[in-house]
Amino acid sequence: MAALHVQDLSKRYTRGAEAFTALDKVSFTIQPGELVALTGPSGSGKSTLLNIIAGYDQADDGSVVVNGFDVTRAKPADMDVLRTRTVGFIFQQFHLVPGLNALENVELSLLNAGLSKAERRARAAEALRRMGLAEHSARRPALLSGGQQQRVAVARALAAKPSVVLADEPTAALDRANAESLMDQLAALARENGMAALVSTHDQRCLDRVDRVIRLENGALS
Ligand code: ADP
Ligand code: ADP
């Protein structure tokens, strides 16, 4: 079964009296273990596509099926499961909670995953260890470098072992060495855990490190 199947996905926005098509019948499939880059000019619809797959935004037409689970037809009550167990999201600006340390930031993401407190702690510690951050788990984000903060964000997205991980320009705020190592870690994690990873980027350092590239132009795959 495909990890992620997107079929004829369309999204329109209204601007004053005008309707504007942000996504136009976008279809693609990603298999477990595959790391795929989503590229295209600014405004081509990359963020819109990722947000719909993650359930943060709604499509007008089409479907998104994650591991056999139709996200576009999910009831609001199923959205917690979707966000914690089905899809992990990595943001460009990390979005860590400043008042919590690295371990607590990762644990927070597991609150709705149906785990006990001890299991959440163990999972979070394991995810941080996997990202090479075991010694930093008691530090707050402000005491970590940008690269370390983004690795905490990756640990947070992966701790629940989602089927699909989505990342919106995850290397934009990183230097070359951190960007490359982040992509290599994502590729290894995808392969080892049979996750599908979809990463939006216009960064050549990222494009060189993925299995496949899909390109959006004016909301359509090109
Ligand atoms: P990028 O994805 O290129 O890094 P953004 O996602 O912040 O940048 O925004 C992309 C484009 O989407 C911008 O032109 C922005 O003005 C537009 N945009 C984002 N959110 C909204 C919104 N709520 N209403 C109107 N336009 C928006
Ligand atoms: P990208 O991530 O590739 O830069 P986006 O998905 O952010 O592109 O934006 C695609 C198009 O949809 C842009 O023209 C943007 O201005 C528009 N857009 C995005 N979000 C909104 C919104 N909430 N309301 C109106 N237009 C939006």
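Residues numbered from 1 in each chain as written. Chains lettered and ligands numbered in written order. Predicted model: local features only at pLDDT ≥ 70, side-chain atom pairs only at ≥ 80, totals over all residues. Heavy atoms only, no water.

1. Things to note about the packing of helix H5 (residues 146-158) against helix H6 (residues 176-193)
Running from amino to carboxyl end, H5 crosses H6 at an angle of 15°, the nearest separation of the two axes being 10 Å. On the basis of the axis angle, H5 is roughly parallel to H6. Considering the relative orientation of H5 and H6, their crossing is right-handed. Contact residues: Gly-147, Gln-150, Arg-151, Val-154 and Leu-158 in H5; Asn-178, Leu-182, Gln-185, Leu-186 and Leu-189 in H6. (Axes fitted to C-alpha atoms, helices over the stretch in contact; angles between N-to-C directions. Helix = DSSP H or I, 4+ residues; strand = E, 2+ residues; numbered from the N terminus. Parallel < 35°, antiparallel > 145°, perpendicular 65-115°, else oblique. Left-handed = near helix turned anticlockwise from the far one by under 90°. Contact = heavy atoms within 4.5 Å.)

2. Concerning the sheet that holds strand E9 (residues 212-217)
The sheet built from six strands is open, its strands ordered E6-E7-E8-E3-E9-E10 with mixed pairing. Each edge of the open sheet carries a strand with a single partner, namely strand E6 (87-90) and strand E10 (220-221). Of the pairings in the sheet, the one linking E6 to strand E7 (residues 164-168) comprises four bridges and is parallel in character. Its bridge partner being in E7, Val-87 is matched across the sheet by Val-164. On top of the sheet, H6 reaches strand E3 (35-39), E6 and strand E8 (196-200); it is set at about 155° to E8, its chief contact. (Pairing = 2+ DSSP bridges.)

3. A word on a nonpolar patch on the surface
Together, Val-97, Leu-108 and Leu-111 give the surface a local cluster of nonpolar side chains, amounting to about 240 Å² of exposed area. Mapped onto the fold, Leu-108 is located in helix H3 (residues 102-108). (Patch = residues over 30% accessible without salt bridge, like charges linked within 9 Å, V, L, I, M, F, W, Y side chains within 5 Å. Areas by Shrake-Rupley, 256 points an atom, 1.4 Å probe, with all protein chains shown as cover. Salt bridge = Lys/Arg side-chain N within 4 Å of Asp/Glu carboxyl O.)

4. Some words on the confidence of the model for the chain
Predicted coordinates in areas of low pLDDT are best not read in detail. Confidence in the prediction for the chain averages 91 pLDDT; 97% of positions are at 70 or higher. With pTM at 0.84, the complex prediction returns an ipTM value of 0.66. (pLDDT = per-residue confidence, 0-100.)

5. Considerations on helix H4 (residues 117-130)
The end-to-end C-alpha distance of H4, which contains 14 residues, comes to 20 Å, matching closely the 20 Å that a straight helix rising 1.5 Å per residue would cover. Considering only its buried residues, H4 is in contact with H3 and H5. With its phi angle positive at about 75°, Gly-132 sits one or two positions after the end of H4. (Expected span 1.5 Å × (residues − 1).)

6. A closer look at the site of ligand 2
Looking at ligand 2, the residues that line it are Tyr-13, Arg-15, Phe-20, Ala-22, Pro-41, Ser-42, Gly-43, Ser-44, Gly-45, Lys-46, Ser-47 and Thr-48. In this structure, Gly-45 approaches ligand 2 through a main-chain N or O atom, which is 3.0 Å from an oxygen atom. Secondary-structure elements contributing two or more residues to the shell around ligand 2 are strand E1 (4-15), strand E2 (18-30) and helix H1 (46-54). For the shell around ligand 2, the element with the most residues is H1, which contributes three residues. (Near = heavy atom within 4 Å. Polar contact = N/O pair within 3.5 Å; in protein donor to acceptor, adjacent residues only side chain to side chain.)

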